[in-house]
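The chain contents come next:
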Amino acid sequence: MTQKVVQTTCQLCYLGCGIDVTVENGKITKVTGSKGFPLNEGFLCIKGRSMIEYQYDPDRILHPMKKVNGKWQQISWDEALDLIKGKLLEIKQNYGPQAVAITIGMPVLLSGTSAVSMIRKFAHAFGSSSIFSVESICFRSQVISYILTLGRYYVADPRNSKLTVVWGKNPENSAPPLAMWISKARKEGLQLIVVDPRVTNIASRADMHIQPRPGTDCALMLGMMNVIINEKLHDEDFVNNWTVGFDKLVEHVQDYPPEKVAKITRVPEEKIKQFARKFATAESACILQGTNALDQTSTALNSSRAIAILEAITGNLDKKGGFVKGPMLPKSPVTVKELERMPLGIDKYSPFYSVFGREFGEGQAMVLPDTILTGEPYPVKALIVSGSNPLMTWPESKKVKEAFEKLDFLVVMGQVMSETAEIADLFLPAATFLERNELNDYYSTLWAIPHVMLRKKILQSGEAWSDLTFWLEMAKKMGYEEEFPWQDEDAFIDYLLEPSGYDVKALTEKYPGGVNVGEVKYEAYKKKGFNTPSKKVEIYSEFLNNLGHDPIPTYKEPPESPENSPELAKEFPLILTTGARDKHFTHSQHRNLPTLRRKSSEPFAEIHVDTATQYGLTDGDLISVQTKRGTIKLKAKVTERILPGIINIPHGWSEANINLLTSLEAADPILGYPALKALLCRISKGS
Ligand SMILES: Nc1nc2c(c(=O)[nH]1)N[C@H]1C(S)=C(S)[C@@H](COP(=O)(O)OP(=O)(O)OC[C@H]3O[C@@H](n4cnc5c(=O)[nH]c(N)nc54)[C@H](O)[C@@H]3O)O[C@H]1N2
Ligand SMILES: Nc1nc2c(c(=O)[nH]1)N[C@H]1C(S)=C(S)[C@@H](COP(=O)(O)OP(=O)(O)OC[C@H]3O[C@@H](n4cnc5c(=O)[nH]c(N)nc54)[C@H](O)[C@@H]3O)O[C@H]1N2
Ligand code: SF4
Ligand SMILES: [Mo]
């Protein structure tokens, strides 16, 4: 019997926990959390503990499949690549290169930067700027906001903090290692404040729980600034030396006195004041912001800018326990061909594409369905879906489906059949994270953990390919060898690693547990300033002002809200928030895995006891939930752990797809993010 233990990382969600995988006779028999790994320190969540079931899932599709007369037929990779090449060239000839679009899902965004940079390079070589990803609804708004305000992305440092605010996040479900950090730090005296309309477990154990009406967080932040500034609790030295526009902020926040903010947010006035005082007077304070909760609102950009400003004016930047940044491993650039045309949506939402000359390089995906349906501003005829399930995860599923069905050619690369793959012309089998080598180089960016590790290929299943391999082979098939000189995925990773002095071999054999890439440096700004045009924290943003946007964060009601659309609210009197994470599943995935499904067997709508009584509902009753866009039926979970008048429904369930009820329409006028956290709905008992 041969037995080995491989150190690698999990990618069942974006945390990337370190794992030790025991392989016996070529089969994985055991997976444990890596004890010394700086993120999870040996911990493994329930999904991680179900990894063997995931890896050997009988539902996996392990060969390319082509749809012929409505039926799937197995084909070879070479046939699949030929078919794609033929279709892509035909569409390019008839409609131009931008008629071929690519959209990237969370699993592929997580394959380090390697797969994404390969995809972008491919699209540019082909001549298309039609690249999109789930970052049109997730996380990028936070990154852009922090860059605009602070010059780069910063992260909260709860492990070293005296006060942590968990804002629109339920880490116990969505980021379990961070919940573990917080529990440990609380034993050392960390004070915890949670801002969430629901009483999550972490909220029930917090020192303070603030329950705002969904979508009103930006007003709450401005109210806090009002208290902090008027009571002179800000860090005067920092503000004087390192910020631009504080004087204008002083004036601006006078529009947000706590009594007014209390009316907007439904948080008692006294509580807003206490929250602000606690935050400003803590020795160190950080805000651990939800990865998408504040993005999916009408103030996507402004909420995150306000968080950055709160950290700045209280002197918590580049400070232990405040907002910190980790060092990066030097890497070779992956250059792309210049394109003349900007991607879709960028005419309206230009900061989504680039700020301060720093390019993110994608279009705003929420405009894609309408573009496909109308052919305006130009036809989009083919779409390659790289590790995503937009028919479940993008808002307004009905329209997304209609649009995708209208395409001439739809390719989906995935691991199991999905709602999107079902309507595709071609299915490409994707390797799991246990079947591919890739560079995990995001620990520093996401968690300020200066660590880089190689995620390792342990197995090969059927003909599954890594996403990186597919795009590389596709490039070669198209004849782009000169621009894509790498023989395989390892050669590409070696190229990326060149400036660092490491390579795949060293990261496999010598440093299987990863390498340290430096240290988190505090007060770094004192040497070089901030990486903004003014070299200071830009409370007032000239960049936004020049684009005609509010230069200082301003609160905007959700597009659908009792205050903003009172007529609609008469018909749809309840507030709907969606997508709070279930610890057993990632988005629309994993519901076919028996262990996880047993623990969370069906979707439900959370509703407060008082609201339930008003509608004559008891726990477990079947209800219809309706918005302007559609209706779904699911069971009610009657609870005291949510604000009255709010309905909370998870996403990712095909039997009650909440995205049939959401809207693609832009809620945030700057970045084009849709509103998934605050919409209006109505409910009725029975079906
Ligand atoms: N198990 C699991 N983990 C995941 C994922 C998954 O699908 N499953 N997805 C991953 C991804 S891609 C992401 S983006 C992250 C998401 O992670 P986060 O953005 O951190 O989201 P959640 O942890 O679900 O917590 C969101 C909380 O915000 C609250 N909330 C809802 N509306 C509002 C509001 O308007 N204001 C405030 N203040 N709070 C509100 C909800 O009640 C909920 O408790 O999770 C990641 N981790
Ligand atoms: N209403 C509502 N909708 C939401 C959210 C919400 O809060 N509310 N959250 C949004 C957020 S934050 C996000 S990030 C998106 C996520 O949206 P998606 O990224 O579309 O999410 P998944 O459902 O995880 O789909 C991933 C697909 O990729 C396949 N897959 C898994 N691993 C791999 C791989 O390694 N390679 C390839 N090629 N395929 C793979 C899976 O089989 C699955 O079909 O959902 C969004 N949708
Ligand atoms: S939190 Fe769980 S699913 Fe996410 S990487 Fe860690 S073990 Fe995997
Ligand atoms: Mo996300």
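Residues numbered from 1 in each chain as written. Chains lettered and ligands numbered in written order. Predicted model: local features only at pLDDT ≥ 70, side-chain atom pairs only at ≥ 80, totals over all residues. Heavy atoms only, no water.

As named in an unreviewed UniProt entry, the protein is Anaerobic dehydrogenase, typically selenocysteine-containing, taken from Desulfoscipio gibsoniae DSM 7213. In the Sequence similarities (unreviewed entry) part of its UniProt record, the protein is described as follows: "Belongs to the prokaryotic molybdopterin-containing oxidoreductase family." (UniProt positions renumbered as here; feature names shortened; annotations may be inferred.)

Draft legend 1. Main features of unusual backbone geometry. Here the bond from E376 into P377 is cis, since omega is 0°, no more than 30 degrees from zero. Despite not being glycine, F139 shows a phi value in the positive range, around 70°. Along the polypeptide, F139 turns up in the loop between β7 (131-133) and α6 (140-150). If you check the backbone angles, E523 has positive phi at about 55° while not being a glycine. Checked against the element boundaries, E523 lands in the loop between β22 (515-516) and α24 (525-528). (Helix = DSSP H or I, 4+ residues; strand = E, 2+ residues; numbered from the N terminus.)

Draft legend 2. Just the sheet that holds strand β27 (residues 630-639), in detail. In spatial order, the strands read β24-β28-β25-β27-β26-β29; together these six strands close into a barrel with mixed pairing. Taking the axes of each pair of neighbouring strands and ignoring which way they run, one obtains an average angle of 45° across the sheet. Alignment of strand β26 (residues 622-627) against β27, held across six bridges, turns out to be antiparallel. Each residue of the ladder has a partner; that of Q626, found in β27, is T631. (Pairing = 2+ DSSP bridges. Axes fitted to C-alpha atoms, helices over the stretch in contact; angles between N-to-C directions.)

Draft legend 3. Structural context of the site of ligand 2. The environment of ligand 2 is made up of 33 residues, and the closest members are S388, T393, D467, S588 and Q589. Note that a nitrogen atom of ligand 2 is positioned 3.2 Å from one of the side-chain N or O atoms of Q415. Taking R436, its side chain carries an N or O atom lying 2.8 Å from an oxygen atom of ligand 2. Against a free-state accessible area of 920 Å², the protein chains account for coverage of 98% of ligand 2. Put simply, the parts of the chain that give the shell around ligand 2 at least two residues each are α4 (106-109) and β18 (409-414). (Near = heavy atom within 4 Å. Polar contact = N/O pair within 3.5 Å; in protein donor to acceptor, adjacent residues only side chain to side chain. Areas by Shrake-Rupley, 256 points an atom, 1.4 Å probe, with all protein chains shown as cover.)

Draft legend 4. Structural view of the site of ligand 1. Taken together, 31 residues lie near ligand 1, and S174, D196, D217, F585 and H587 sit nearest. The side chain of R198 places a nitrogen or oxygen atom 2.7 Å from an oxygen atom of ligand 1. Take T577: an N or O atom from its side chain is 3.0 Å from a nitrogen atom of ligand 1. For ligand 1, whose unbound accessible area comes to 920 Å², protein coverage reaches 98%.

Draft legend 5. Structural view of the environment of G18. With respect to the secondary-structure elements, G18 resides in strand β2 (residues 18-24). Judged by relative accessible area, G18 falls into the buried class, the value being 0%. Separated by 180 residues in sequence, G18 and R198 place their C-alpha atoms 31 Å apart. Among residues more than four places away in sequence, those in contact with G18 are T8, T9, T32, G33, S34, F37 and N40. (Buried < 20%, exposed > 50% of the residue type's maximum accessible area, 1.4 Å probe, protein only. Contact = heavy atoms within 4.5 Å.)

Draft legend 6. Seen up close, the pattern of salt bridges. All told, the structure shown has 35 salt bridges when counted by the stated rule. Between R60 and E435 there is a salt bridge, with its nearest N and O atoms 2.8 Å apart. Residue R60 is found in the loop between α2 (51-55) and β4 (65-68), and its partner E435 is found in the loop between β19 (426-429) and β20 (438-440); the two are separated by 375 residues along the sequence. Given the relative accessible area of 10%, R60 is considered buried. Classification of E435 by relative accessible area gives buried; the value is 3%. In this structure, the salt-bridge partner of E563 is R213, at a minimum N-O distance of 3.5 Å. Here E563, found in the loop between α25 (542-546) and α26 (566-571), pairs with R213, found in the loop between β11 (208-210) and α10 (217-230); they are 350 residues apart in sequence, far enough to count as distant. (Salt bridge = Lys/Arg side-chain N within 4 Å of Asp/Glu carboxyl O.)

Draft legend 7. Expanded view of empty space enclosed by the protein. Under the counting rule described, the total for this entry stands at two cavities of 30 Å³ or more. The wall of the largest cavity is formed by 13 residues, among which C10, C13, L15, C17 and C45 lie closest to the centre. Listing elements by their share of the lining of the largest cavity, those giving two or more residues are α1 (46-49) and α8 (176-187). Split into classes, the residues belonging to the lining of the largest cavity amount to 10 nonpolar, two polar and one charged. (1 Å grid on protein atoms, 1.4 Å probe; cavity = no way out; pocket = protein on both sides within 12 Å on 5 of 7 lines; lining within 4 Å. Points joined across faces, edges and corners; volume = space filled by probe spheres on them. Nonpolar A, V, L, I, M, F, W, Y, C, P; charged D, E, K, R; others polar.)

Draft legend 8. Structural detail: the domain arrangement of the protein. The assigned domain composition of the protein is domain 1 (3-55), domain 2 (76-136 + 331-447 + 451-489), domain 3 (140-326 + 524-546) and domain 4 (566-685). Using only C-alpha atoms to locate each centre, domain 2 and domain 3 end up separated by 34 Å. Taken together, the contacts link 14 residues of domain 2 with 16 residues of domain 3. Across the domain 2/domain 3 interface, buried area totals approximately 1,500 Å², and carbon plus sulfur atoms make up 68% of it. (Domains from an automatic or database assignment. Buried area = accessible area lost by both parts, 1.4 Å probe.)

Draft legend 9. Summary view of a positive patch on the surface. Side chains of R49, K583, R598 and K599 sit close together on the surface and give a patch of like positive charge. Looking at where K599 falls in the secondary structure, it is placed in helix α27 (residues 594-599). (Patch = residues over 30% accessible without salt bridge, like charges linked within 9 Å, V, L, I, M, F, W, Y side chains within 5 Å. Lys, Arg positive; Asp, Glu negative; His and termini not counted. Charge placed at Lys NZ, Arg CZ, Asp CG, Glu CD.)

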